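Observations on the three-dimensional arrangement
Spelled out from the first residue to the last, the chains are:
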Amino acid sequence: MTHDSTTATVSRRLFLGSVGAVGVAATLTACGGSSTPPGAGVASGAFGQGDTYSGAKVSLAFWNGFTGGDGPFMRKLVEQFNQANPDVTVSMNTLQWGDFYAKVPNAVAAGAGPDLAIMHIDQLATNAARRVIIPLDEVASGLKLTESDFAPVVWKAGIYQGKRYGIPLDIHPLGLYGNTGQLTRAGIDKLPSDKAGFEAAVKALQTKAGVKQPFWVTATWPAHLMFMSLIAQFGGSVYDAEGTTATFNSAAGVASLEWLRSFITSGASPTNVSNDAQAQAFRQQRNSLTWDGIWMMNEWAKVNGLQWGASAVPTIGDKPAVWASSHNFVVTTQSTKDPNKLAASRAFISYISDRSIEWAKSGQIPARNSVRESPAFAALKVQSTLAAQLPNVVFPPAVPGIGDVTTPTFETAVNEVILGKAQPKAALDAAAKKADAMLADNRSKYQA
């Protein structure tokens, strides 16, 4: 999830930060009102066996949003698969994530979209409800994949209405990054892991290391991802378990925003930090501590002279918790027209999943336990360090359209509070009222 340009960074982050705020344009009209999930009637064995393909020659369109520094890692894996499977040609097409989610449904309906793709965990229910993607229970069982093969949180999150719609590739959480040179000058030998340690580190960096504003709290990205981590740490949640009611205006939500805002009122952070400005400041060594995605590790590594380290996000509340997302393999309804494409898709998913240690190098944590438990993964220091957070990952409920609720509701409330335009409780209450209405509309829209 690294990026080659500012434009790519902002586009990718705006999508991830809104947890799918760009809505899918249309339902698949070809599926009409049928209640039978597309692909449910695919003949047994249509997906073939293992990570090799032995059918007739076939071409697969594979779409994803890996437009940044992660793209070359996936492209290399695609090339290796094609070489190992001469009867399959996988063509990889990359789009900015916002464009991807807007274009895929209509393209699939027209027969001009991908046969298989990558989607974020929070987008599976939406695209399943719109019949863009098909159930993959047969893929999982055919490959003998069960919950014991994956981090449980990501395996369970791929299920919608009792069927599996994604095969998880990775998990990408927030982490804490620190300027180790500045921390050393402040007399701190490791990144803080709790509230007292974090606040003490900020003060020591100011008084002993001469860093005037060590911790920049943004008004946009990634403040609402920090909020999603913090509210869970304080014992709350963004939505109820069914995804029918907003619960972010709880005491836990208020405490989360008050804590973030405290660094601005104390002067430890500038007052109006825009999207990505805190990351640029970290590169320039103008701040010392920042919460950001695991994918940023490769960005920090590019900066000459920057001494940095990574650790789990600190536990500010009563229990550890962290926001994360996940890339999942999906197969589209377009593929159901050709059993050879289904078989080749299954072989491709198996091949990449088995070799996801190479994908991990792009700044990701493999979803497969066997890969994470390997010596090769242990040698990836940042990834293996942040992988310790997997038991504490928080995903949204698997409810269609839930990602579209984020930006106009609690993300907006976080922005208003950070900027000092509203008090936490009032902002969250107003946002929750709007969120409840949107969630109700979604239930009607998706007949969920």
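As a reminder, the structure under discussion sits directly above these lines.
Parameters and conventions
- Residues numbered from 1 in each chain as written.
- Predicted model: local features only at pLDDT ≥ 70, side-chain atom pairs only at ≥ 80, totals over all residues.
- Heavy atoms only, no water.
- Pairing = 2+ DSSP bridges.
- Helix = DSSP H or I, 4+ residues; strand = E, 2+ residues; numbered from the N terminus.
- Contact = heavy atoms within 4.5 Å.
- Axes fitted to C-alpha atoms, helices over the stretch in contact; angles between N-to-C directions.
- Salt bridge = Lys/Arg side-chain N within 4 Å of Asp/Glu carboxyl O.
- 1 Å grid on protein atoms, 1.4 Å probe; cavity = no way out; pocket = protein on both sides within 12 Å on 5 of 7 lines; lining within 4 Å.
- Points joined across faces, edges and corners; volume = space filled by probe spheres on them.
- Nonpolar A, V, L, I, M, F, W, Y, C, P; charged D, E, K, R; others polar.
- Parallel < 35°, antiparallel > 145°, perpendicular 65-115°, else oblique.
- Left-handed = near helix turned anticlockwise from the far one by under 90°.
- Buried < 20%, exposed > 50% of the residue type's maximum accessible area, 1.4 Å probe, protein only.
- Polar contact = N/O pair within 3.5 Å; in protein donor to acceptor, adjacent residues only side chain to side chain.

This part is about the sheet that holds strand E2 (residues 88-94). Ordered by their spatial adjacency, five strands build an open sheet running E2-E1-E3-E11-E6, and the pairing between neighbours is mixed. The outermost strands of the open sheet, each flanked by one partner alone, are E2 and strand E6 (167-168). Sheet strands in contact with helix H3 (residues 97-109) are strand E1 (58-64), strand E3 (116-120) and strand E11 (327-331), and its direction is about 130° off that of E3. Across the face of the sheet, helix H13 (residues 339-354) comes into contact with E1, E2, E3, E6 and E11 while running at roughly 55° to E1.

Pairing is possible between side chains of opposite charge, provided their charged atoms come close. All chains considered together, the criterion is met by nine salt bridges. Across the pair aspartate 115 and lysine 341 runs a salt bridge, and its minimum N-O distance is 3.3 Å. One end of the pair, aspartate 115, is in the loop between H3 and E3; the other, lysine 341, is in helix H13, with 226 residues separating them in the sequence. The shortest N-O distance in the salt bridge between lysine 302 and glutamate 299 comes to 3.2 Å. Here the residues in one salt-bridge network are Arg283, Glu299 and Lys302, joined through shared partners.

Moving on to empty space enclosed by the protein. One pass over the full model with this rule turns up two cavities of 30 Å³ or more. By volume, the largest cavity is sized at about 40 Å³. If you go around the largest cavity, the residues you meet are Phe215, Trp216, Val217, Thr218, Pro222, Met226, Gln278, Leu289, Thr290 and Trp291. With three residues, the top contributor of residues to the lining of the largest cavity is strand E8 (residues 289-293).

Each pocket or cavity is described by its volume, and for the second largest pocket that value is around 240 Å³. Lining the second largest pocket are 18 residues, and of these Val238, Val394, Phe395, Pro396 and Pro397 lie nearest its centre. If you list the elements that add at least two residues to the lining of the second largest pocket, you get helix H9 (223-233) and helix H18 (403-418). Class assignment of the residues belonging to the lining of the second largest pocket gives a composition of 13 nonpolar, four polar and one charged.

Orientation of H9 relative to helix H10 (residues 251-265), taken along the N-to-C sense of each, is 130°, at an axis distance of 9 Å. Between H9 and H10, the interaxial angle falls into the category oblique. When the axes of H9 and H10 are compared, the crossing they make is right-handed. Across the interface between the two elements, Ala223, Met226, Phe227, Leu230 and Ile231 from H9 touch Ala252, Gly253, Ser256, Leu257, Trp259 and Leu260 from H10. Residue composition of the contact of H9 with H10, by class: nine nonpolar, two polar and no charged.

Turning our eyes to something else, we now look at the side chain of glutamine 182. Inspection of the secondary structure assignment puts glutamine 182 in helix H7 (residues 180-185). Of the residues examined, glutamine 182 reaches a relative accessible area of 4% and is grouped as buried. Among the polar contacts listed, one links the side chain of glutamine 182 to the side chain of serine 288, at a separation of 2.5 Å. In this structure glutamine 182 touches Leu205, Ala209, Val211, Gln285, Asn287 and Ser288, once residues within four positions along its chain are discounted.

Omega for the peptide link from tryptophan 221 to proline 222 comes to -5°, which places this bond in the cis form. Mapped onto the secondary structure, proline 222 falls in the loop between helix H8 (195-207) and H9. Phi angles above zero are rare outside glycine, and aspartate 276 is one such case at about 75°. Position of aspartate 276 among the secondary structure elements: in the loop between H10 and helix H11 (277-283). Since its relative accessible area comes to 13%, aspartate 276 is described here as buried.

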